[in-house]
Amino acid sequence: MMNFKLTFVFFISCLFALTYSLQAQNKYGNNAQAGKTLQIGTSHVYYETYGNKDKQALVLIHGNSGHIGAMALQIDFFKKNYFVVVADNRTHGKSGDTDKLTYHLMAADYIAILDDLKISDAFVLGQSDGGIIGLIMAMDYPDRVSKLVSAVPNITTGKDVIAEWELEMGKHYRKLIDSMIMVKDKSRDWKKEKVHMDLMKNEPNIPFSDLMKIQCPVLVMTSDDDIIRPRHILEIYENIPKAQLFVMPGATHFMIRDEHELFNMMVDRFLSNPFKRPKSKQVLMELIGIKE
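Overview of the structure.

## Examining the side chain of S223
- Inspection of the secondary structure assignment puts S223 in strand β7 (residues 218-225).
- Only 2.8 Å separates the side chain of S223 from the side chain of D226, close enough to count as a polar contact.
- One polar contact links the side chain of S223 to the main-chain carbonyl oxygen of A251, over a distance of 3.5 Å.
- Setting aside its immediate chain neighbours within four residues, S223 contacts V152, V247, M248, A251, T252, H253 and M255.

Right, dumping it as structure tokens:
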């Protein structure tokens, strides 16, 4: 067990070192010409915009412990044909802190950004925690989201929803965070990381019935070996009135990066075309010449 814990701590340290290294190298998230800090209450949110403002607005929302740079491959792809709006989620990147972080708070932040830009409604693409935020935006602000891509979201927590190995890793990492806070370690912002980990442990808590409130077309995306269990993704899809489902073969929770070409292509296909949800029964009846 001790060897596992030491290996785990080493793994997490390397992972965060790589994340911050990539962030430092990335122009996105560090672009003063494209960036703005928006004051919201006693805190603030940092966001950047790319592309022509006269084009359709597309909001990109990163996952837990991420930052604007995590969406670099999507910014590069979509800024040609969309007005891309991308932010550091509250308590992430250059955005400010809060006493208690919630998905509803972050959803409200993105609405404030749209207000600041005088954008009445937008397309939204969110990954992981970003997918959760996107769902809440579509539920709570239905007139502000005209199309939504929610990649690997979850609407509740626990072993029926999250892969067991991820829950186990999370448990050990929370212990590591607590121990680092106790000894006043300054190598990282452990208190902020505790906020992020507590968010994933305690939220979201969205009833499936609330998904029925979503009025816009939604593309629900997942991979065939994801952190979120496939049956939970399928239930989310089945409870959204106008939804499509895409399962990326040979991919993981990080398909937004590792399979970005196919990911971006499928997102663009959904955003560019009118929403359709054909019925197999209807197509079959037409093929054999039977009218209902």
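There is more to say, and it comes next.
## Here's the deal with the packing of helix α5 (residues 164-182) against helix α6 (residues 190-202)
- Interaxial distance between α5 and α6 falls to 10 Å at its minimum, and their mutual angle equals 150°. Regarding the angle of α5 to α6, the classification is roughly antiparallel. The two elements α5 and α6 meet at a crossing, and its hand is left-handed. The segment α5 lies against α6, with G170, Y173, R174, L176, I177, D178, M180 and I181 engaging W190, K191, E193, K194, M197, D198 and K201.

## What to know about the sheet that holds strand β1 (residues 35-40)
- Ordered by their spatial adjacency, 8 strands build an open sheet running β1-β2-β4-β3-β5-β6-β7-β8, and the pairing between neighbours is mixed. Across the chains shown, the open sheet's two edge strands, defined by having one partner strand only, are β1 and β8 (243-252). Strand-to-strand twist of the sheet, defined as the mean angle between neighbouring strand axes without regard to direction, takes the value 20°.
- Inspection of the sheet shows strand β6 (residues 145-151) paired to β7 by 4 bridges, in the parallel sense. By the bridge assignment, A151 is partnered in β7 with M221.

## With respect to the packing of helix α3 (residues 103-116) against helix α4 (residues 129-140)
- At their nearest, the axes of α3 and α4 sit 9 Å apart, and the two run at 70° to each other. The angle between α3 and α4 places the two elements in the roughly perpendicular class. Here the hand of the crossing between α3 and α4 comes out right-handed. Across the interface between the two elements, Y103, H104, M106, A107, Y110 and I111 from α3 touch D129, I132, I133, I136, M137 and D140 from α4.

The rules we used
- Residues numbered from 1 in each chain as written.
- Predicted model: local features only at pLDDT ≥ 70, side-chain atom pairs only at ≥ 80, totals over all residues.
- Heavy atoms only, no water.
- Helix = DSSP H or I, 4+ residues; strand = E, 2+ residues; numbered from the N terminus.
- Polar contact = N/O pair within 3.5 Å; in protein donor to acceptor, adjacent residues only side chain to side chain.
- Contact = heavy atoms within 4.5 Å.
- Axes fitted to C-alpha atoms, helices over the stretch in contact; angles between N-to-C directions.
- Parallel < 35°, antiparallel > 145°, perpendicular 65-115°, else oblique.
- Left-handed = near helix turned anticlockwise from the far one by under 90°.
- Pairing = 2+ DSSP bridges.

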